[in-house]
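Chain and residue survey
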Amino acid sequence: MSISYDEALATRPFKHRIDKRDRRAVGERLTVLEHAPDVYQVYSEAGEEYLVEIRAPSCTCPDFQYREADCKHIRRARIEAGEYDLDGLATGIDDALDTLDERLANLAAQRAELVGFRREVDRLRDATDE
Ligand SMILES: [Zn+2]
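The notes below deal with the structure included here. These figures come from a predicted structure and were not determined experimentally.

**Considerations on the coordination of the zinc ion**
Taken together, Cys-59 (SG), Cys-61 (SG), Cys-71 (SG) and His-73 (ND1) make up the protein donors of the zinc ion, found 2.1 to 2.3 Å from the metal. In this structure, the zinc ion is surrounded by 4 donor atoms whose angles at the metal cover 104 to 113°, and the resulting shape is tetrahedral. Counting gaps between the donor residues of the zinc ion yields the pattern C-x1-C-x9-C-x1-H. For the pair formed by Cys-71 and His-73, the shared burial category is buried.

**Description of the packing of helix 2 (residues 20–27) against helix 4 (residues 72–80)**
As a packed pair, helix 2 and helix 4 sit with axes 8 Å apart at the nearest point and diverge in direction by 55°. Judged by the angle between their axes, helix 2 and helix 4 are oblique. Our pair here, helix 2 against helix 4, has a crossing hand that is right-handed. When helix 2 is examined against helix 4, the residues Arg-21, Asp-22, Arg-24, Ala-25 and Val-26 are found in contact with a partner set consisting of Lys-72, Arg-75, Arg-76 and Ile-79.

**Thoughts on the pairing of strand 2 (residues 39–43)**
Summarising burial for strand 2: 4 of the 5 residues are buried, a large majority. When strand 1 (residues 31–36) meets strand 2, the two strands line up antiparallel, connected through 5 bridges. If you follow Leu-33 over to strand 2, its bridge partner there is Gln-41. In sequence, strand 1 turns back onto strand 2 through a hairpin of 2 residues, with Asp-38 there showing a positive phi of about 70°. Both strand 2 and strand 3 (residues 49–53) contribute to a ladder of 5 bridges, which runs antiparallel. Bridge assignment links Val-42 to a residue of strand 3, and that residue is Tyr-50. From the end of strand 2 to the start of strand 3, which pair antiparallel, there are 5 residues, and Gly-47 there has a positive phi angle of about 90°.

**Observations concerning the environment of Arg-111**
Considering the arrangement of structural elements, one finds Arg-111 in helix 5 (residues 86–129). When its relative accessible area of 58% is taken as the criterion, Arg-111 is described as exposed. Considering only alpha carbons, one finds Arg-111 and Arg-67, 44 residues apart in sequence, at a separation of 44 Å.

**Comments concerning the side chain of Arg-75**
Its location among the elements puts Arg-75 in helix 4. Overall, Arg-75 belongs to the buried group, its relative accessible area being 11%.

Conventions we followed
- Residues numbered from 1 in each chain as written.
- Predicted model: local features only at pLDDT ≥ 70, side-chain atom pairs only at ≥ 80, totals over all residues.
- Heavy atoms only, no water.
- Donors = N, O, S within 2.8 Å, 3.2 Å for Na, K, Ca; no water.
- Tetrahedral: all angles 85-135°; square planar, octahedral: opposite > 155°, others 65-115°.
- Buried < 20%, exposed > 50% of the residue type's maximum accessible area, 1.4 Å probe, protein only.
- Axes fitted to C-alpha atoms, helices over the stretch in contact; angles between N-to-C directions.
- Helix = DSSP H or I, 4+ residues; strand = E, 2+ residues; numbered from the N terminus.
- Parallel < 35°, antiparallel > 145°, perpendicular 65-115°, else oblique.
- Left-handed = near helix turned anticlockwise from the far one by under 90°.
- Contact = heavy atoms within 4.5 Å.
- Pairing = 2+ DSSP bridges.

These results come straight from atomic positions and should not be treated as a statement about function.
Here it is in structure tokens:
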């Protein structure tokens, strides 16, 4: 679905809403080792070790201890265990990419119109300078 030129002008900047902990769980070099059923050792890029229980869930990292959110370690351990909705994550990313593509197309259209408009202004300016 595309939006009109005038709608594009009225549109606020777009920021995707892909969860930052999902981005870190997927994007960082985390090493996951199965420790016991549903329990994993997750090593950060810096070599820090965290103990994750994917069912409760729990993790020994500060993010989980202080914020009680499903941290990147829990998410990554679930991914490794095949217990994470990667299809849902992929769909969310695809939707964000579609929206960005739409915005880019509208920005390109606006730019092209302004370039043409600027040329016309120059042409009229030159014609009246004589
Ligand atoms: Zn954690």
